[in-house]
Amino acid sequence: MITAGIDIGSITAKAAVLEDGRILGSKVAFTGYNARQAGKNVFEDLLRELDMDASSIEKTVSTGYGRNSVKFADKAMTEIICHGAGAYYLNPEVRSIIDVGGQDSKVLTIDSDGRVKDFAMNDKCAAGTGRFLEVMARALESDLDDFGDLSLKSDKPSKISSICTVFAESEVISLISKGKSREDIIAGIHESVASRISSMARRVGVKEPVMMTGGVAKNIGVVRALEKALGVSIEVSEFAQVNGAVGAAIMAMRL
Amino acid sequence: MTDVDKEKDSRKIKSVGKMKEIMTAYYIDAKTAEQTGKKVAWITSGGPVEPLIAMDVIPVYPENYGAMIGASKMGGDLCQKAEELGYSGDLCSYARADIVCSMIDGGPIGGLPKPDMLICCNNICGTVLKWYEIQARYYNVPLFIFDTPFCHTEYADESRRYVRKQIDEYTNFLENACKKKFDHDRIKEVGRLSVEGQELWQEVLDTAMNRPSPMTCFDAFFHLALIVTLRGTQIAVDYYQSLLEEMKQRVADGISAIPNERYRLLWDNLPIWYRVKWMSEKFAAHDACLVADTYTSAWCGQLKYMDGDNFLDSMAEAYTRIYLNIGVDEMIKIVLEVVDKYDVDGFVIHSNRSCKPYSLGQYDIQRAVQKEKGIPSVMIESHMIDERSFSESQSETRIDAFMEMIKQKG
């Protein structure tokens, strides 16, 4: 059975195609202004890459904040259930999942059957999310892709006390003017993200093994800061960013 | 009428019309009190209203008015005006909106009638003290503060004496404000009616124990108005008697509140007044009926302490031990009982940024419910009347995910 999952996030749109639970391919593209079009485009691009026809896809599930805008999907499901399903597929031993995407961060626990037991999401605030890191990258005139490696070079992370993206940005600017190194500031940013997420994770109750998913999982600095804050080791799959779409395709198999 | 409309119509609670008539008459009475020579007292929602009824004073509830402001989606604008006046956005939105309505002589129904006195009971929160002090200065009217010590676990003897003494001070205050003697025979009758009304309200809420339930908590949020505003009157007793009969009839006829009740949920905290319809439709679309809540039961939860034959004495304890004036451990006991009583499958928690006393401790309550009952729960961060604080897509994702969890559980 060939299924597809489409995950429309606030910054990127992801698609994954699975055949009998095996990943055939996945793709990431910017969401942009038109979420509906973004879902269609990323899906069509992926099909083209896989040299497949839309008619060969038996079931499609959409997820993410733009899930209801994917009109060709058979069903829309939340990213919470899909990230749970995706992580369980990648490693059935996983019990806690930390997903940090563009504008939200969430922590969920799953049981031995992959069912979501509990979850918590960030409040109406983008601090501690991908968008937060983007804003910081702009303030530091750095490439976000370099953030992870740069932060690992720091031995004295700066203290970013603010929990608000806008205020944290001014804090970063003041740290720059004080002559703090880019590496230390970035490491401080990662610690502040980790501190925010770890309190949410503790509320839900972290059970090992822990997996991190979402675009921010590509940032090794955040992963390490979270490991330190939570005192656990965190696994990151190569499919971390498309995990929601993979999970959606898994859920599509059950339709 | 389409089939969908007909279907919806068949589920409508018929008493709604009667309720609207009573509330309209009540507000007309209150708004024309000056012409009819009656006195108006503003009182907090958890305040002891019975002595006012016994003295023929019309009680008016700024908090009921707050709900009206929220339901008419005027909360955001009014709260913004309050912020312009210097009131912090972190303050209770009922307080902010009410203070602004007084200043601009506006709001729903053209504002509340001016008070002749204010009765403030701090069993619901501490904000009411400052809120009522501001209003007492603004209207230049006497203020009576009924101070109920917090009951962490029990009602200590010191509290009992302290609160009981205030009842005498309260009746003295009313005698001075109304320039007539307090009628001790009348208060017995009012007390009896108050207890009867509360018993009936409890019975109405209890009809939701039926599967399927004839009502949702969203219905209870609406029908609650009379037990708040007209507690201690025959009007409230008669109304709840007829509402109870309607509910029993719905049960007998198999009329459910939502079309396909598959999941039963418990709601915690105040409603999100400007989103009641949206919420009720959202949950109904998931075949979920919110059969109980911790909010509407607050106006009948203290019946065990009330004694219709010894009303004034028992009232002191009952008003002190309301849900918001007890420790979190006690709240947990109540919530766990409600989970069993109404046989619920999930717990919906409104973390209400406007009402700190109600929202404090919710994580502990959530944990206790998960641990003891093993049912899923969800927390929705919002605000009871300030619609600027509501995020539809975030709330929707949480609700959808929560329902997916419940469905996965099977």
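Residues numbered from 1 in each chain as written. Chains lettered and ligands numbered in written order. Predicted model: local features only at pLDDT ≥ 70, side-chain atom pairs only at ≥ 80, totals over all residues. Heavy atoms only, no water.

Student: Got a minute to help me understand the overall build of chain A in this structure?
Tutor: Along its length, chain A carries 8 helices and 10 strands. Each of the three principal axes of chain A carries a C-alpha extent, and together these read 60 × 35 × 30 Å. Of all 255 residues assigned to chain A, the portion counted as buried reaches 57%. Excluding contacts between residues fewer than 6 apart, the proportion of contacts in chain A whose partners are at least 24 apart in sequence is 65%. Summed over all atoms, the accessible surface of chain A reaches about 10,800 Å², with 48% contributed by carbon and sulfur. Taken as two groups, the 31 positive and 34 negative side-chain charges of chain A have centres that lie 6 Å from each other. (Helix = DSSP H or I, 4+ residues; strand = E, 2+ residues; numbered from the N terminus. Buried < 20%, exposed > 50% of the residue type's maximum accessible area, 1.4 Å probe, protein only. Contact = heavy atoms within 4.5 Å. Areas by Shrake-Rupley, 256 points an atom, 1.4 Å probe, with all protein chains shown as cover. Lys, Arg positive; Asp, Glu negative; His and termini not counted. Charge placed at Lys NZ, Arg CZ, Asp CG, Glu CD.)

Student: Which parts of the structure should I look at to understand the domain arrangement of chain B?
Tutor: A common way to express how large an interface is: the accessible area buried when the components associate. Residue and element names in this part refer to chain B. As far as domains go, chain B holds domain 1 (21–182) and domain 2 (187–409). The gap between the C-alpha centroids of domain 1 and domain 2 is 23 Å. The contact between domain 1 and domain 2 buries some 3,800 Å² in all, and 63% of this surface belongs to carbon and sulfur atoms. It is I22, E50 and Y155 in domain 1 that bury the most area against domain 2; as a group they hold 15% of the surface buried on that side. In this structure, the connection of domain 1 to domain 2 is made through 5 salt bridges. We note a salt bridge from E50 to R231, for which the minimum N-O separation is 3.7 Å. Listed by contribution, the elements that provide at least two residues to the side of domain 1 that touches domain 2 are α2 (15–31), α4 (50–54), α5 (62–71), α6 (75–85), α7 (93–104) and α9 (157–178). No other element matches the 6 residues that α5 contributes to the side of domain 1 that touches domain 2. Classifying every residue of the side of domain 1 that touches domain 2 by side-chain character gives 27 nonpolar, 15 polar and 8 charged. (Domains from an automatic or database assignment. Buried area = accessible area lost by both parts, 1.4 Å probe. Salt bridge = Lys/Arg side-chain N within 4 Å of Asp/Glu carboxyl O. Nonpolar A, V, L, I, M, F, W, Y, C, P; charged D, E, K, R; others polar.)

Student: Where do I start with the packing of aromatic side chains in this structure?
Tutor: The geometry of two aromatic rings is summed up by the distance between their centres and the angle between their planes. Residue and element names in this part refer to chain B. What the rule picks out here adds up to 20 aromatic pairs over all chains. Judged by centre distance (5.3 Å) and plane angle (75 degrees), the rings of Y239 and Y240 are edge-to-face. Each member of the pair, Y239 as well as Y240, is classed as buried. Through a chain of ring-to-ring contacts, the aromatic side chains of F218, F221, W267, W273, Y295 and W299 assemble into a single cluster. If you follow R275 out to its NZ or CZ, it ends over the ring of W278, 5.3 Å from the centre. (Phe/Tyr/Trp six-rings, centres within 6.5 Å; stacked < 30°, edge-to-face > 60°. Lys NZ or Arg CZ within 6 Å of the ring centre and 35° of its normal.)

Student: Help me out: how do you make sense of the sheet that holds strand β7 (residues 105–110) of chain A in this one?
Tutor: For sheets, the rule is that strands pair by backbone hydrogen bonds, running either parallel or antiparallel. Residue and element names in this part refer to chain A. Read from one edge to the other, the open sheet built from 5 strands follows the order β8-β7-β6-β9-β10, with strand pairing classed as mixed. Strands at the two margins of the open sheet, each flanked by one partner only, are β8 (116–121) and β10 (234–236). The average undirected angle you get between the axes of adjacent strands in this sheet is 25 degrees. Relative to strand β9 (residues 210–213), strand β6 (residues 96–100) runs parallel, the two being bridged by 4 bridges. Bridge assignment links D99 to a residue of β9, and that residue is T213. Of the strands in this sheet, β6, β7, β8 and β9 are in contact with helix α2 (residues 79–90), which crosses β7 at around 55 degrees. (Pairing = 2+ DSSP bridges. Axes fitted to C-alpha atoms, helices over the stretch in contact; angles between N-to-C directions.)

Student: What am I meant to see in the domain arrangement of chain A here?
Tutor: Residue and element names in this part refer to chain A. You can read the domains of chain A as domain 1 (1–91 + 239–255) and domain 2 (93–236). Taken together, the contacts link 15 residues of domain 1 with 28 residues of domain 2. Across the interface of domain 1 and domain 2, roughly 1,700 Å² is buried in total on both sides, 66% from carbon and sulfur atoms. When the buried surface of domain 1 facing domain 2 is broken down by residue, I80, Y88 and N91 rank first, second and third, together holding 36% of it. The interface formed by domain 1 and domain 2 includes 0 salt bridges. Linking domain 1 with domain 2 are 9 residue pairs in polar contact (both at pLDDT 80 or more). (Polar contact = N/O pair within 3.5 Å; in protein donor to acceptor, adjacent residues only side chain to side chain.)

Student: How do you make sense of α2(A) when you look at a structure like this?
Tutor: Residues spaced three or four apart along an α-helix point in a common direction, a consequence of the helix completing one turn every 3.6 residues. All names here are of chain A. For α2, with 12 residues, the first-to-last C-alpha span of 16 Å sits near the 16 Å given by 1.5 Å per residue. Among the 12 residues in α2, 9 count as buried, and that is most of the element. Among the residues of α2, E79, I80, I81, C82, H83, G84, A85, G86 and A87 are the ones counted as buried. (Expected span 1.5 Å × (residues − 1).)

Student: Quick question: what am I supposed to make of the interface of chain A and chain B here?
Tutor: Residue-level contacts link 19 residues of chain A with 20 residues of chain B. Between chain A and chain B the total buried area reaches about 1,800 Å² when both faces are included, carbon and sulfur atoms providing 48% of it. It is F119(A), K124(A) and R203(A) in chain A that bury the most area against chain B; as a group they hold 32% of the surface buried on that side. Joining chain A to chain B, the criterion identifies 1 salt bridge. Between D400(B) and R67(A) there is a salt bridge; the shortest N-O distance is 3.0 Å. Linking chain A with chain B are 7 residue pairs in polar contact (both at pLDDT 80 or more), by the criterion used here. Where the side of chain A that touches chain B is concerned, the elements lending two or more residues are α2 and β8 of chain A. With 5 residues, β8(A) is the single largest residue contributor to the side of chain A that touches chain B. Of the residues assigned to the side of chain A that touches chain B, the class counts are 8 nonpolar, 3 polar and 8 charged.

Student: I keep staring at the sheet that holds strand β6 (residues 288–293) of chain B and nothing clicks. Help me out?
Tutor: Residue and element names in this part refer to chain B. Strands sit in the order β6-β5-β7-β8 across an open sheet of 4 strands; the sheet is parallel. Looking at strand neighbours, the two that pair on one side only are β6 and β8 (377–382), the edges of this open sheet. Direction aside, the axes of adjacent strands within the sheet are offset by 30 degrees on average. Direction of pairing for strand β5 (residues 263–268) relative to strand β7 (residues 346–352): parallel, over a ladder of 4 bridges. Residue pairing in the sheet places W267 in a bridge with V348 of β7. Sitting on the sheet, helix α14 (residues 276–285) touches β5, β6, β7 and β8, and the angle it makes with β6 is about 125 degrees. The strands touched by helix α18 (residues 362–373) within the sheet are β5, β7 and β8, with β7 carrying the most contacts at an inclination of about 175 degrees.

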